[in-house]
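A closer look at the structure
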Amino acid sequence: MDELKRNFPSHFYSLDADDLKTFGKDWTRVFEPAPSVIVFPTSTEEVSRLLKLCTQHRMAVVPSGGRTGLAGGAMATEGEVVLSFEKMRSMGEVDSLSHTLWVQAGAITEAVHQKCAPSGLTWPIDFASKGSSTVGGNIATNAGGVKVIRYGLTRNWVLGLTVVLMSGEVLKLNGALEKNNTGIDLRQIFIGTEGIMGVITEAILKLAPLPSESDVFFFAVESLPKVFALFQEVRKSGFTVNAFECLSNECLKVVLAHRELASPFANESHSYVLLEVERAGHPNAQTELEAWLEGIFNQSLVEDAVLAQSPKEATQLWSMREGISEALAARGLLHKHDIALPLNRLQEFIETWTQDLDQNYPGLKPYIFGHIGDGNLHVNLMKPDAMAVPEFRDLCKKADQGMFHWIQAFQGSVSAEHGIGLLKKHLLKYTRTEAEIALMKSMKQLFDPFMLLNPKKIIEGQST
Ligand SMILES: Cc1cc2nc3c(=O)[nH]c(=O)nc-3n(C[C@H](O)[C@H](O)[C@H](O)COP(=O)(O)OP(=O)(O)OC[C@H]3O[C@@H](n4cnc5c(N)ncnc54)[C@H](O)[C@@H]3O)c2cc1C
């Protein structure tokens, strides 16, 4: 600490008790924050000096963005230095020729959208926490979200990265190049590795044209097989699909109660689907959409449907999907999973696993929603009011074994988009082989030999 004080001005760091609590944690709310200091660099050069100093004095560092992470990746629980990007939010000008934007890592995701929109462009990383999450956090988690079905993951939208290694070395990777086949693409080592390999300080983002006029539908569907049959029809429709999101009846009920909203439908259904399609390339979109809609009603694929008639109505329909995490969190104690399955095995997985849960753990009710078009489910088990917390945790732990068994059997993933962090480290073995984990450990050692950068996240490692 003395070294930090000697090398940086007092406004560079904070020892304030509230700051230690706030900046030492993320959204997981499972671990207790206990950092020793929070630092607020303003430039890559300051990050480099800081990391070099921390390595010299063997101080562990936790990079921290918007702290919306759901895997404990930004948790500082053992006296680490928390490196906040709150003072690194600068953005350059949108380059409308190359469709790129330079930003510092602390730029807020939604601010990037707002910056690009007047140029008819966007950075297509979009989800409910975009008002707080940062570009650095999005890249470090290779974030997904509600538009992956159209645009893919964050990885696809990053051209250049400036990264600082724990030694203080600064790497400027790939610049603004779309094409650059010159050996190992080192950029990728820092995307999706939750800040354990290096600290991202700047990025050159690749931008997409803003989607043109879109239609938002909300469908009531009577069964899971019909959700998948509807998805097949959507894919055949010829319209560009921006989102295909699904939620169970239980999830909708919790959102409606939390937000004091009325259901758009007269009757309850098994599931609901939010579909957004883009009209571009369809001069007779209205007629085509009406014919398509008639077709899916004729096939009895949906029980009821609502089509947003205005941007305001579209936002209201979206809020039924985007409000779920917040509404569930407000309703009670949750045990959460974010899993992925090959799309063609997803239905079978849900049926097998829920049957298993029903038979063996009848007290545990699943709340299921997610990016079903990407094979990604968010599964929440909520503590029943009458059950004690330790009993609930114990039951969930036991029930998890069944879920992981089926995930492994169906060749799925224990973490689709939230990452591994601290929370899911013990689950890595269900998706990655021993050989893969050993290789990850060797790579970590190469980049961070003293195991000081975001230690104990994703993998455990021995310092050299
Ligand atoms: C309501 C809600 C909805 C969500 N929906 C989605 C969703 O649909 N899809 C999805 O993918 N995620 C979702 N998330 C999770 C979360 O918002 C994303 O993981 C997001 O990308 C995290 O960004 P952040 O800036 O908050 O990162 P943080 O939580 O601060 O950090 C996340 C990880 O990145 C590391 N990190 C942060 N900044 C840097 C940096 N500059 N350099 C190196 N490492 C860094 C941290 O150490 C940590 O390991 C949701 C979260 C909430 C609360």
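Because the structure is predicted, anything quoted here is derived from the model rather than measured.

**Considerations on the environment of Glu 178**
Along the chain, Glu 178 turns up in the loop between strand 8 (170–173) and helix 7 (187–190). With a relative accessible area of 54%, Glu 178 lands in the exposed category. The spacing of Glu 178 and Val 158 is 20 residues in sequence and 9.6 Å in space, taken between C-alpha atoms. Leave out the neighbours within four places in its chain, and Glu 178 touches Leu 159 and Lys 206. A polar side-chain atom of Glu 178 sits 2.9 Å from a polar atom in the side chain of Lys 206.

**Side note on the nonpolar core**
Phe 190, Phe 219, Phe 244 and Phe 349 are the most contacted members of the largest nonpolar core, which totals 110 residues. Core analysis: the next-biggest nonpolar cluster, separate from the first, contains 26 residues, Phe 218, Leu 252, Val 255 and Phe 369 among them.

**A short note on the sheet that holds strand 3 (residues 61–64)**
Pairing in this open sheet of four strands is mixed, and the strands run 1-2-4-3 from one edge to the other. Either end of the sheet is taken by a strand with one partner, and the two such strands are strand 1 (13–14) and strand 3. As paired strands, strand 3 and strand 4 (residues 81–84) are joined by four bridges and run parallel to one another. Among the inter-strand pairings, Ser 64 is bridged to a residue of strand 4, identified as Ser 84. Contacting strand 2 (37–39), strand 3 and strand 4, helix 3 (residues 44–56) crosses the sheet at an angle of about 170° to strand 4.

**Description of the site of the ligand**
What surrounds the ligand is a group of 36 residues, the closest being Pro 63, Thr 68, Gly 69, Ser 129 and Thr 134. Taking Asn 138, its side chain carries an N or O atom lying 2.9 Å from an oxygen atom of the ligand. A distance of 2.8 Å is found between an oxygen atom of the ligand and a backbone nitrogen or oxygen belonging to Gly 144. Those elements that place two or more of their residues in the shell around the ligand are strand 3, helix 5 (135–141) and strand 9 (199–206). At five residues, the largest contribution of residues to the shell around the ligand is made by helix 5. Tallied by class, the residues present in the shell around the ligand amount to twelve nonpolar, 21 polar and three charged.

What counts, and where the lines are drawn
- Residues numbered from 1 in each chain as written.
- Predicted model: local features only at pLDDT ≥ 70, side-chain atom pairs only at ≥ 80, totals over all residues.
- Heavy atoms only, no water.
- Helix = DSSP H or I, 4+ residues; strand = E, 2+ residues; numbered from the N terminus.
- Buried < 20%, exposed > 50% of the residue type's maximum accessible area, 1.4 Å probe, protein only.
- Contact = heavy atoms within 4.5 Å.
- Polar contact = N/O pair within 3.5 Å; in protein donor to acceptor, adjacent residues only side chain to side chain.
- Core = buried A, V, L, I, M, F, W, Y, C linked by side-chain atoms within 4.5 Å.
- Pairing = 2+ DSSP bridges.
- Axes fitted to C-alpha atoms, helices over the stretch in contact; angles between N-to-C directions.
- Near = heavy atom within 4 Å.
- Nonpolar A, V, L, I, M, F, W, Y, C, P; charged D, E, K, R; others polar.

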